[in-house]
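Descriptive structure summary
Take a look at the letters that make up each chain.
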Amino acid sequence: MDEQHRIIMDEAAIRRALTRIAHEIVEKNKGIENCVLVGIRTRGIYLAKRVAEQICEIEGAPVEVQELDITSYRDDREAGISKASIRNSASVNAKDKRVILFDDVLYTGRTIRAAMDALMDCGRPQLIQLAVLVDRGNRELPIRPDYVGKNVPTSKLEQIVVSLQEVDENEQVTIIH
């Protein structure tokens, strides 16, 4: 069977979605005081940085951006990887902050659960909100995003691929059938 690729967001659509998310974050949090944007490695950090630039333009003040590596918190990781070694390298300061967590695609919810576990180990945040570029549905855990660039209901046989300039040298979201 031949795979079919279809672009569902181009560079302009991604830019518009992130601009909208930036405005929604400022509105929902009544500004950016005590907020920190935390991007899940790999693509989430670049989305967080882009939204932070938009927020700085809107509010006239910078918002802190931090990167989160959740490798050791995943429930599908190899048994040989020690959580303790990664926990000690966590540099995210979430204690008493309003954390807006960023990821590229929300699917089962397992990545976000792992990210929340990692954040709790970095100090208890005041609250955690979730921003995703694409929500494709098919949750296995009761997790719902606060900010969504695009809802794309998919079957479990389909795949969503987010390509960002910083990592992939092109800019688009593709669905593969």
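That block above? That's the structure.
Let me begin by describing the structure that accompanies this report. Computed from a predicted model, the values in this text were never measured in an experiment. (Residues numbered from 1 in each chain as written. Predicted model: local features only at pLDDT ≥ 70, side-chain atom pairs only at ≥ 80, totals over all residues. Heavy atoms only, no water.)

1. Some details on the sheet that holds strand S7 (residues 159-163)
One open sheet holds the three strands; their spatial order is S1-S8-S7, and the pairing between them is antiparallel. Either end of the sheet is taken by a strand with one partner, and the two such strands are strand S1 (5-9) and S7. Neighbour to neighbour, the strand axes of the sheet diverge by 30° on average, direction disregarded. Summarising the sheet, S1 and strand S8 (residues 172-176) pair through four bridges and their orientation is antiparallel. In the strand pairing of S8, arginine 6 is matched with isoleucine 175. Packed onto the sheet, helix H1 (residues 11-28) meets S1 and S8 and runs at close to 35° relative to S1. (Pairing = 2+ DSSP bridges. Helix = DSSP H or I, 4+ residues; strand = E, 2+ residues; numbered from the N terminus. Axes fitted to C-alpha atoms, helices over the stretch in contact; angles between N-to-C directions. Contact = heavy atoms within 4.5 Å.)

2. Looking at the pairing of strand S2 (residues 35-40)
Most of S2 sits out of view: six of its six residues are buried. The side-chain alternation of S2 yields two buried faces, one formed by Cys35, Leu37 and Gly39 and the other by Val36, Val38 and Ile40. As defined by bridge partners, S2 adjoins strand S4 (residues 98-106) across five bridges and the pair is classed as parallel. Considered in S4, the bridge of glycine 39 is made with phenylalanine 102. Note that S2 and strand S3 (residues 64-68) share five bridges and pair parallel. Bridge pairing in S3 places leucine 37 opposite valine 65. Where the polypeptide runs from S2 across helix H2 (residues 43-59) and back to S3, its parallel neighbour, the crossover connection is right-handed. (Buried < 20%, exposed > 50% of the residue type's maximum accessible area, 1.4 Å probe, protein only. Right-handed = clockwise from strand over helix to strand, strands pointing away.)

3. Things to note about the side chain of lysine 97
In this fold, lysine 97 is placed in the loop between helix H3 (83-87) and S4. With sequence-adjacent residues up to four places away left out, lysine 97 is seen in contact with Asn34, Val36, Glu64, Pro125, Gln126 and Leu127.

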